[in-house]
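Each chain, written out:
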Amino acid sequence: MKVTEHIKKANGKTLFSFEIIPPQKGRNIQELYDNIDPLMEFNPPFIDVTTSREEYVYIDKGEGLLDRKITRMRPGTVGICAAIKHKYNVDTIPHVLCGGFTKEETEYLLVDCHYLGIDNVMALRGDAMKHQKYFEPTKGGHTYATELVAQMKDLNAGKYLHEVIESDYKTNFCIGVAGYPEKHLEAPSLTNDLKRLKEKVDAGADYIVTQMFFDNGKFFDFVEKAKQAGIHVPIIPGIKPIAVKKHLQLLPQVFKIDLPEALISEVEKCRTNNDVRQVGIDWAVQQSKELQKAGIPVLHFYSMGKSDNIKAIASQIF
Ligand code: FAD
């Protein structure tokens, strides 16, 4: 079922959902299931599965020679979506990236999703590769998520690349895109970023999931400004509990987001990472309660593959 239909069916009740990351290549999938199992009691209508960018690895060939190979360290997004969908009878949402894929490869991936009965896809540009300062589009691929949304929308209209086939059977994907309450790190201003977000919606996006934020005021402000910019699709807040002290530096550095002073000072007081984890849970609970009261459709948690703190939060909300 489509995310928009789940929201409609919930009739104003806030739903619970979360995002997982595929295991590293060569690791057992059981660890992932062990972290999903404890969260199923909160009845997530859908689970997102991320896609990682490809990266370079260097193989020592001896005598000072290194062979450079390109690989994806966490493959299997669509396979995991299919496995989880059938194991738990839940909708799964693969993250589809511009970066690392040609338009043809994207088409094949979307055809796979369609055959697997996947109704929702998340259209994302993807980050720059580790060695790049800025995102560089893949040759034959898309530059911005808007173009990816347009390709998905074309497929929904039965329009395949190069129009080499005649199709009388259409896909019917519900399309999600990313939004940034504190603006995307490359955007020159929030107003400009909202203009780009509106372009994604105009291209066919059905809903928005936000980047993590720790100050609900910023989310409410973003939703208001989005409305003023003419964006009227559901906006789903992304919540991430702080789990280790290092997050105080890491999260602002990677995502260019601000942390509230009150949260920083609570984390700084902590003696152990267990204390930090508890502060992170308490903060996310308080955020979630306020968001739920404001009537947001879904609380979407970034689990980073670990369920214990998400379970601790969800059990106080749902
Ligand atoms: P876009 O919407 O294409 O925007 C990127 C930048 O370009 C923005 O600054 C925007 O303002 C600007 N822009 C857009 N259109 C134009 C234009 N026409 N001209 C000039 N500028 C323009 N990354 C992963 O690698 N894998 C994942 O699974 C993943 N999941 C995510 C899930 C969520 C909910 C979120 C919020 C992010 C996720 N990301 C993921 C990160 C995301 O890929 C990065 O934030 C990426 O840098 C931007 O992606 P986007 O889809 O928002 O890009």
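Above this text is the structure in question.
Residues numbered from 1 in each chain as written. Predicted model: local features only at pLDDT ≥ 70, side-chain atom pairs only at ≥ 80, totals over all residues. Heavy atoms only, no water.

**What to know about the packing of aromatic side chains**
Aromatic ring pairs are described here by two measures, namely the spacing of the ring centres and the angle between the planes. What the rule picks out here adds up to 7 aromatic pairs. When the centroid spacing of 5.7 Å and the interplanar angle of 40° are considered together, the rings of Phe 16 and Phe 18 count as tilted. In this structure, Phe 16 and Phe 18 share a single accessibility class: buried. An angle of 65° between the planes, with centres 5.5 Å apart, marks the rings of Phe 16 and Phe 318 as edge-to-face. Linking Phe 16 in strand β1 (residues 15–20) with Phe 318 in the segment after α11 (308–317), this pair joins segments that are 302 residues apart in sequence. Judged by its relative accessible area of 1%, Phe 16 is buried. An aromatic cluster is present here, built from Phe 16, Phe 18, Phe 42, Phe 301 and Phe 318 joined pairwise through their rings. Taking NZ or CZ as reference, Arg 68 lies 3.7 Å from the ring centre of Tyr 56, over its face. (Phe/Tyr/Trp six-rings, centres within 6.5 Å; stacked < 30°, edge-to-face > 60°. Buried < 20%, exposed > 50% of the residue type's maximum accessible area, 1.4 Å probe, protein only. Helix = DSSP H or I, 4+ residues; strand = E, 2+ residues; numbered from the N terminus. Lys NZ or Arg CZ within 6 Å of the ring centre and 35° of its normal.)

**Observations regarding the environment of Thr 51**
On the secondary structure map, Thr 51 appears in the loop between β2 (46–49) and β3 (55–62). Residue classification places Thr 51 among the buried residues on the basis of a relative accessible area of 16%. With 75 residues separating them along the chain, Thr 51 and Gly 126 place their C-alpha atoms 8.6 Å apart. Aside from chain neighbours lying at most four places away, what touches Thr 51 is Arg 72, Thr 77, His 95, Leu 97 and Phe 101. Within the local environment of Thr 51, its side chain forms a polar contact with the side chain of Thr 77, the two groups lying 3.1 Å apart. A distance of 2.5 Å separates a polar atom in the side chain of Thr 51 from the backbone oxygen of His 95. (Contact = heavy atoms within 4.5 Å. Polar contact = N/O pair within 3.5 Å; in protein donor to acceptor, adjacent residues only side chain to side chain.)

**Here we look at unusual backbone geometry**
The backbone phi angle of Glu 63 is positive, close to 50°, even though this residue is not glycine. Here Glu 63 is to be found in the loop between β3 and β4 (65–71). Of note, the phi angle at Lys 256 is positive, near 55°, even though the residue is not glycine. Summarising the element assignment, Lys 256 is placed in the loop between α8 (247–255) and α9 (261–269).

**Details of the site of the ligand**
Around the ligand sit 24 residues in total, of which Thr 51, Tyr 180, His 184, Asp 193 and Lys 200 are the nearest. Here an oxygen atom of the ligand and a side-chain polar atom of Asp 127 are 2.9 Å apart. His 184 has a polar side-chain atom sitting 2.8 Å from an oxygen atom of the ligand. Computed on the free molecule, the ligand has an accessible area of 990 Å², of which 87% lies beneath the protein chains in the complex. Tallied by class, residues from the shell around the ligand come to 10 nonpolar, 7 polar and 7 charged. (Near = heavy atom within 4 Å. Areas by Shrake-Rupley, 256 points an atom, 1.4 Å probe, with all protein chains shown as cover. Nonpolar A, V, L, I, M, F, W, Y, C, P; charged D, E, K, R; others polar.)

**Quick look at the pattern of salt bridges**
The final tally for this structure, using the stated rule, is 16 salt bridges. Among the ionic pairs, Asp 258 bridges to Lys 218, the shortest N-O distance being 3.6 Å. Highlighted residues: Asp 258 in the loop between α8 and α9 and Lys 218 in helix α7 (residues 216–228), separated in sequence by 40 residues. Residue classification places Lys 218 among the partly exposed residues on the basis of a relative accessible area of 27%. (Salt bridge = Lys/Arg side-chain N within 4 Å of Asp/Glu carboxyl O.)

**Here we look at the pairing of strand β6 (residues 120–124)**
The side chains of a regular strand alternate between the sheet's two faces. Among the 5 residues of β6, 5 are classified as buried, and the element is accordingly described as predominantly covered. Residues of β6 alternate between two faces, with Asn 120, Met 122 and Leu 124 on one and Val 121 and Ala 123 on the opposite face, all of them buried. By the bridge criterion, 3 bridges tie strand β5 (residues 91–97) to β6 in an arrangement that is parallel. In the sheet register, Leu 97 faces β6, and the bridge partner there is Leu 124. In this fold, the crossover linking β5 to β6 by way of helix α4 (residues 103–115) has right-handed handedness. As paired strands, β6 and strand β7 (residues 174–179) are joined by 4 bridges and run parallel to one another. Bridge pairing links Asn 120 to Cys 174 in β7. Assessed by its sense of winding, the connection that carries the chain from β6 through helix α5 (residues 145–156) to β7 is right-handed. (Pairing = 2+ DSSP bridges. Right-handed = clockwise from strand over helix to strand, strands pointing away.)

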